[in-house]
Amino acid sequence: MPQYIARRILQFIPVFIGVTLALFMIANFMPGADPIQMRYGERTPPPEVKAQLIEEYGLNLPWYQQYFKYLDDLWPIDVVDGKLAYTGVDLGTSIYTGRTVVQMLGETYPYTIRLAFAAIIIEIIIGIGAGIISAVKQYSFWDVFVTLTTSILVSLPVFWLGLMLQIVFGIWMKSWTNEAFYLPISGAESTNFGPMAHVILPAVTLASVSTAYAARIMRSQLLEVNGQDYIRTARAKGLSGRQVLWSHALKNALIPVVTFIGLDLGAMFAGAVLTETVFNWPGVGFMLARAIFQRDFPVVFGGVTAMLFAVMIINLLVDISYAFLDPRIRYGGVSE
Amino acid sequence: MQGKHRKLVAAVVALGLLASVGLGGCAPKQTGGEATKPATSEPKKGGSMSFYIGEPAYIDPYNAQETEGMQITQAIFDSLTNFDEKDPTKLIPAAAASWEPNADATVWTFKLDPNGKFADGTPVKASDFVYAWNRIANPKTVNTATGKADPSIISYHLGFVKGFQEVVDGKADTMEGVKAVDDTTLEITLTQSFADFEYVVAHPALAPVEQKLVEEGVDYNGEKIPFGEMPQGNGPFKMTEPWKHNQYVKVVRNDSYAGTAALLDGVEFKIFKDPETAYTEFEAGNLDFTQIGEGKIKDAVAKYGESKDGYTVNPGSQALLGAENSTYYLILNNKNEFLKNADVRKAVSLAINRQAICDVVFEGTREPADNILPPGIAGYEKGAWVDSKYDIEAAKQALADAGYPEGKGLPTMKLSFNSGAGHEKIMELVQSDLKAIGIKTEFDSADFPVYLKQLDEGKHQIARLGWVADYPIAYNFLYAIFDSKSGDNKSFYKNEAVDAAIAEGQTITDATARAAKYAEIDKTIGAENPIAPLMFYKHHHVGSDRLRDFDFDAMYFGHFEKAWVDDAAAK
């Protein structure tokens, strides 16, 4: 296992260099790449201030020099007074707000993580649960209901679903119940509601499509596993349906679902721009989208760097989890 | 199956109710909603209001530029003067109790209100202005949140102050022209006459700041918070907790305030990513003041009632549609081979049906522009730009006079605009109007950053822009858009007589005579049509029925200091 983890970390290096290098090249060669002008909007910056800001942010350097500076700043260990010292990760300073990218990520990432975990919990409970029910009760009302609901959910645009949830649970319910019962429709916290209440509607919206896919994958995998010889053998041995399901079928059927949910969690850690926008959620997705529009390159590079690390860690954890689900899977050696 | 179906419906409803009961049970009283009850007559203290803003870039005055940050800066700081909430062209005392220029408006003396105090009770001294202004001018100024150099991008406000350029060039650390004569006397020396300087000093960016707080931070729960995250000023409100990025900025009444104490206990500036989300929150009753969502203006007016003066919210007159001090216009590149012909520019201006654009695209909530100066600016005269009207026959004649009858001989011109910001519909109408007189155009749209770069490089032919006043004075429009030395003169109009006249106008200390002078200059420019003014922007905002006497002025500033709330009378 340790060798496997080490190998995966080493594999991350070329991915990291490839992504960040491509990003730097795109940023430098895309048209209209003038972040200083963006700060002034439709006005013209005084030439001397513009020149100073360009120098301040290193925008006068060739792209490869900017890239090496970025790598150097990212590396947390430096030589200070002739000795190696921990100097911290420096992801640069936002051109638009003048604040450090680390500060900005520190403010936004906890909200993205909170939303991602809430959505994943919904995905696991509802998605896997519905998939199991659907497979176990194949061709029943519940199977049809799950199939139909998941078909509708995968085709619903996220922003539309979000708006509908806002209207129903934030506006109509407030009116129907004379303001006694309703849910907050935007933001991550307020004086009237706790943080858990704020996360419900965005998490349901964010989880909707993935939950539907998780349910479908779970259903198809479970049906496939149920048709295998060893399940028939287990039944022939006199095990109850429940024992067969929980002890034999589910563990095998779960592997593709875990892969899907793991990758989805990684994607959610990269921010959910639409959901965050509809629900005014102060996460990293919207921060990044805004930074791209503003050509705020340090924020874009810093945000992508953080996302790369998050996705890599999640993927690694997903891979490791396989070993627990299927003992036949061994890392770094021959499968037994 | 029927039984199962009923169970399902029951389960769904139960889950919904359960979630709501468990988590929304402590719901607040609705703050928005339809207005039905009249205002009570007596203003009363207490309560707070919420106000929509986007995430500000800065709330530290030294870099206050965009409207979001300036709303907060305006609430927690008082500059030397202030704009009257009903008529921004009138100035009222703020940190300065009185002021006067010398005979040629090159030296200004401001006498500070001796009772002026910062939120922590420290008296406001002239030296606090000296420090604050030098902080803006100095390119080495650091961002208090990072400790890194982060020069002010709005130092141009001080461009006429003596010694400004030396500080910018690094030859001096402080501006020679900004002097604290004593604790309550601030003397400003300018490099040239500037009779409108009293308007410049009303800008929220030019407020005083406490050097100690900027350099050491602001105390909050036993720790030091960077000044830029929790600025403390001398205004009617103060911050008692740091800026919660992407969520809110909360301010409470400043009891040390030297002026009339605010009636509101506080204001919560709620940060939303876009006006549509904010408007949904308003409709849900969770927000007191916001922009009206796109395409919903007529509905909002019908539902909430239109404010009579266009700027003040009271129950039943909650939708604000007052004119702003800003103009939307078409740049006509005066260096272009064809557009340098004044008759071609005249034809373009006469060909555009501005009323149709306002009606079709903006539900009648913008006004056709007959001038570059909006009506709220001293110097505006109705119809001063004689060709800024729709007259298709005159347009055809002008084109013929230019030597291009029915557009023959003219190439297809580029009609440039930034894409994805709602300009497409306007440009479609402009394109069709120009086609009607024989001028063929093709769209040349680009992403905003690309578009700005194109304008900067002068590659455009006909392009859109908007100008929002920094201060409600004609000079702010005429110098910026038409002076040949201005970087914002994107039409590249050059008239040395006009340049001289604009500067000369600032030597006239009598406000009426100065307005007349600028009206004359404005007419001269208008006769040459270097640009084609299209529309005057108007508010499209709405307040809740809790709000009383809340003014949102033509300069886009909310006047929280005089507003109050009445929850008892609200629906």
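Before reading further, recall that the structure is shown in the block above.
Below is a short write-up of the structure. These numbers were taken from a predicted model, which means no experiment stands behind them.

Contacts between chain B and chain A engage 50 residues on the former and 54 residues on the latter. Counting only elements with at least two residues in the side of chain B that touches chain A, the list comes to helix H1 (2-24), helix H7 (275-283), helix H13 (448-457) and strand S20 (462-468) of chain B. Tallied by class, residues from the side of chain B that touches chain A come to 23 nonpolar, 15 polar and 12 charged.

Residues and elements named next belong to chain B. Along strand S1 (residues 48-53), 5 of the 6 residues are buried, which leaves the element largely enclosed by surrounding structure. Taken together, the 6 bridges between S1 and strand S12 (residues 266-271) define a ladder with parallel strand orientation. Bridged to Phe-51 within S12 is Phe-269.

This brings us to the sheet that holds strand S14 (residues 312-313) of chain B. Residues and elements named next belong to chain B. Reading across from one edge, S14-S24-S25 is the order of the 3 strands in this open sheet, with antiparallel pairing throughout. The open sheet has two edge strands with one neighbour each: S14 and strand S25 (558-559). Sheet analysis places S14 next to strand S24 (residues 550-552), joined by 2 bridges and oriented antiparallel. The partner of Thr-312 across the bridge, within S24, is Asp-551.

So, about the environment of Ile-521 of chain B. Residues and elements named next belong to chain B. Tracing the backbone through its elements, the reader meets Ile-521 in helix H16 (residues 511-528). When the 24 C-beta atoms within 10 Å are taken as the criterion, Ile-521 is described as buried. Along the chain, Ile-521 and Leu-478 lie 43 residues apart, while their C-alpha atoms are 8.3 Å from each other. Those residues within four positions of Ile-521 in sequence are excluded, and the remaining contacts are Leu-478, Val-498, Ala-501, Ile-502 and Gly-505.

Attention now moves to unusual backbone geometry. Residues other than glycine seldom take positive phi values, yet Glu-179 of chain A does so here, at roughly 70 degrees. Looking at where Glu-179 of chain A falls in the secondary structure, it is placed in the loop between helix H7 (158-176) and helix H8 (195-226). Residue Glu-179 of chain A is classed as partly exposed on the basis of its C-beta count, with 15 C-beta atoms lying within 10 Å. The backbone phi angle of Phe-492 of chain B is positive, close to 60 degrees, even though this residue is not glycine.

Glancing now at the packing of H8 of chain A against helix H10 (residues 241-269) of chain A. Residue and element names in this part refer to chain A. Look at H8 against H10: their axes get within 8 Å of each other, and the N-to-C directions meet at 160 degrees. Classified by the angle their axes make, H8 and H10 are roughly antiparallel. Where H8 crosses over H10, the handedness of that crossing is right-handed. Facing Leu-206, Ser-210, Tyr-213, Ala-214, Ile-217, Met-218, Gln-221, Leu-222, Val-225 and Asn-226 of H8, the residues of H10 in contact are Ala-249, Asn-252, Ala-253, Pro-256, Val-257, Phe-260, Ile-261, Asp-264 and Met-268. Looking at the contact of H8 with H10, its residues break down into 14 nonpolar, 4 polar and 1 charged.

Cut-offs and rules
Residues numbered from 1 in each chain as written. Chains lettered and ligands numbered in written order. Predicted model: local features only at pLDDT ≥ 70, side-chain atom pairs only at ≥ 80, totals over all residues. Contact = placed C-beta atoms within 7 Å. Helix = DSSP H or I, 4+ residues; strand = E, 2+ residues; numbered from the N terminus. Nonpolar A, V, L, I, M, F, W, Y, C, P; charged D, E, K, R; others polar. Buried ≥ 20, exposed ≤ 12 C-beta atoms within 10 Å, placed from the backbone. Pairing = 2+ DSSP bridges. Axes fitted to C-alpha atoms, helices over the stretch in contact; angles between N-to-C directions. Parallel < 35°, antiparallel > 145°, perpendicular 65-115°, else oblique. Left-handed = near helix turned anticlockwise from the far one by under 90°.

Keep in mind that these numbers describe shape and distance, not what the molecule does.
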